[in-house]
Amino acid sequence: MLTLSPKAPFLYKPQNPNPKTQHYKPQINGIYCKSELQSERGLEFETGETFFRHESAKGRDLGVLAASLYNQSKGKLRVLDALCGCGIRSLRYLMEAKADFVLANDANDEHRRVILDNLKRVDRGFGDERKWVVTHLDANRVLSECYLQKDFFDLIDIDSFGSDISLFLRSAMNTLSFDGLLYVTSTDGHSSGGHHPDHTLAAYGAYVRPMPFSNEVGLRMLIGGAVREASVLGYYVTPLFSYYSYHGPVFRVMLRVNRGKLLENRHYGFITYCNKCGDSQEFSWAELGQISCSCNGSHDSSALMISGPLWIGPLHSAAYISEMINLAEEWGWIGNGTETDLEKLLKQMLDESDPRLKSGYIKMDEVASRAKINSPPLRTMMSAMQKEGYATSRSHIALNAIKTDCPMSECIRIAKELQGVNSFAV
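What counts, and at which threshold
- Residues numbered from 1 in each chain as written.
- Predicted model: local features only at pLDDT ≥ 70, side-chain atom pairs only at ≥ 80, totals over all residues.
- Heavy atoms only, no water.
- Helix = DSSP H or I, 4+ residues; strand = E, 2+ residues; numbered from the N terminus.
- Buried < 20%, exposed > 50% of the residue type's maximum accessible area, 1.4 Å probe, protein only.
- Contact = heavy atoms within 4.5 Å.
- Areas by Shrake-Rupley, 256 points an atom, 1.4 Å probe, with all protein chains shown as cover.
- Arc of directions from axis to C-beta.
- Pairing = 2+ DSSP bridges.
- Axes fitted to C-alpha atoms, helices over the stretch in contact; angles between N-to-C directions.
- pLDDT = per-residue confidence, 0-100.

Brief notes about the overall build of the protein chain
Next up, step 1: A count of helical and extended segments in the protein chain gives 14 helices and 17 strands.
Next up, step 2: The burial tally for the protein chain puts 56% of its 426 residues in the buried class.
Next up, step 3: Pairs at least 24 apart in sequence give 69% of the contacts found in the protein chain among residues at least 6 apart.
Next up, step 4: Carbon and sulfur atoms provide 50% of the accessible area of the protein chain, an area that totals close to 18,800 Å².

Quick word on helix α5 (residues 139–148)
Next up, step 1: Among all positions in α5, only Ala139, Val142, Leu143 and Cys146 are buried. Along the axis of α5, the buried positions cluster into a sector of 100 degrees, meaning they face one direction only.

Some details on helix α8 (residues 197–204)
Next up, step 1: What α8 keeps buried is the set Pro197, Thr200, Ala203 and Tyr204. Buried residues in α8, looked at end-on, bunch into an arc of 130 degrees, giving them a common side. Seen from the open side of α8, the exposed residues pointing more than 90 degrees away from its buried face are Asp198 and Ala202.
Next up, step 2: Considering only its buried residues, α8 is in contact with α6 (165–175), β9 (176–186), α7 (189–192) and α9 (214–233).
Next up, step 3: Following α8 by one or two positions, Gly205 has its phi on the positive side, about 70 degrees.

With respect to the environment of Val64
Next up, step 1: Looking at the element boundaries, Val64 is found in helix α2 (residues 57–74).
Next up, step 2: Assessed through its relative accessible area of 2%, Val64 is described here as buried.
Next up, step 3: For the pair Val64 and Leu94, spaced 30 residues apart in the sequence, the C-alpha separation amounts to 9.4 Å.
Next up, step 4: Apart from residues no more than four positions distant in its own chain, Val64 is found in contact with Arg92, Tyr93, Glu96, Ala97, Trp331 and Trp333.

Some words on unusual backbone geometry
Next up, step 1: Cis peptide bonds are those with omega within 30 degrees of zero, and the linkage from Gly248 to Pro249 qualifies with -5 degrees.
Next up, step 2: Its place among the elements puts Pro249 in the loop between β10 (235–245) and β11 (250–259).
Next up, step 3: Following Gly308, the chain continues into Pro309 via a peptide bond in cis, with omega recorded as 0 degrees.
Next up, step 4: Among the secondary structure elements, Pro309 is positioned in strand β14 (residues 304–311).
Next up, step 5: With a phi angle near 50 degrees, Arg41 is a residue other than glycine that sits in the positive phi range.
Next up, step 6: Within the secondary structure, Arg41 sits in the loop between β3 (37–40) and β4 (43–46).
Next up, step 7: Even without being glycine, Asn400 reaches a positive phi, approximately 55 degrees.
Next up, step 8: Among the residues examined, Asn400 registers a relative accessible area of 31% and is labelled partly exposed.

Overview of the sheet that holds β9
Next up, step 1: Spatially, β7-β6-β5-β8-β9-β11-β10 is the arrangement adopted by the seven strands of the open sheet, whose pairing is mixed. Here the strands that pair on one side only, and so sit at the sheet edges, are β7 (132–135) and β10. Each strand of the sheet is rotated relative to its neighbour by a mean of 15 degrees, with strand direction disregarded.
Next up, step 2: Alignment of strand β6 (residues 101–105) against β7, held across four bridges, turns out to be parallel. Bridge pairing links Val102 to Trp132 in β7.
Next up, step 3: Lying on the sheet, α2 is in contact with β8 (153–158), β9, β10 and β11; it crosses β9 at an angle near 175 degrees.
Next up, step 4: Those strands touched by helix α3 (residues 88–95) are β5 (78–81), β6, β7, β8, β9 and β11, and its axis lies near 180 degrees from that of β6.

A short note on the confidence of the model for the protein chain
Next up, step 1: A residue-level look at the protein chain finds 88% of positions with pLDDT of 70 or above and a mean pLDDT of 89.
Next up, step 2: Across residues 1–33, confidence stays below pLDDT 50; counting only partners more than four residues off in sequence or on other chains, it has 68 contacts.

What about the sheet that holds strand β12 (residues 268–274)?
Next up, step 1: In space, the three strands of this open sheet follow the order β13-β12-β14, with antiparallel pairing throughout. At either margin of the open sheet sits one strand with a lone partner, and together these are β13 (280–283) and β14. For this sheet the average axis-to-axis angle between neighbouring strands, irrespective of direction, equals 25 degrees.
Next up, step 2: Direction of pairing for β12 relative to β13: antiparallel, over a ladder of four bridges. Residue pairing for β13: Phe270 is matched across the bridge by Phe283.
Next up, step 3: Set on the sheet, α9 makes contact with β12 and β14; between it and β14 the angle comes to about 45 degrees.

Structure below.
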């Protein structure tokens, strides 16, 4: 592997041949972000006029934990932060995950001062001992240049807007070390909601229809797009964790990328939702001609929604989430007697890792509406479902929602019995 050197002039000149990209200033509700001094996990930094959200801190926490676990297991960590904004992610990878080197790139060279000022909290070093470099190029260009120089990275973080991540997946995978980590983002909530199926088909190779668990579909759409791109290159991806946050909305997925094929399209297929009975199911490619619902709605083309191909496997690796929890406890981020938001999130992700759970989740409001009763307490409902042998978990994606392998008809029966209602009543 070649290290960055002065022979790579693109790494030192804040130039961008695309003036539209260079002078783009992200806005929140039509207002440019104001420069402020911020603090996160005890690290102070400036935001300048970059796009920055406090609410994204948990996503950065997850990335740092994963980066540190990689460093501990491999004994090395080189990070490429392709859309670094103010540089807070780059700074945290350096200081908390102890990265050997970080390449912080942002297409807008007007952000250079604030990025440099933030990263100067870490001694830059010289020559082969450099700890960080700042560049201002289109993300695809910096990824491609590194690939052509055979300069590979252990973790590539691409915190993109909308569905732009689909533009970067292939070049990012080419630039990853074997068994490397790819942390990708989408903020395209309209597409995940099934409102732009032609767009999702172009961006992710998936035709997405409206479903009541659209935010989970957004994560599965993102992973599925990565699965497709990886297969073209002769790679396969494994999701280590998947994180949804309502602000934005933001869909973030940490993927491990390895050489090899995904055997028999495992975990890459289709999800259905029946508007008539409320059931969701998963179908493989071999079952394409057999997609239907067991209720009478199977004959009603307007009742059965089909989306795919998507990732239909587990959203998280239970073993990996357990390692993240142990590291977070070691660092004092969780386990201090008061359950933090991060601790709650990680525990819910661990519960969601149960391979028995189906794609999607069931909202208690939908159960109550179909059963024509008041919604039973979530914990009471989950306990009753578990007693009958069904796998259940809270969903970190939606409030008052359950991930389960229990059919909707059984959920309705259990909910009615909890309230003493005749299960056969209309």
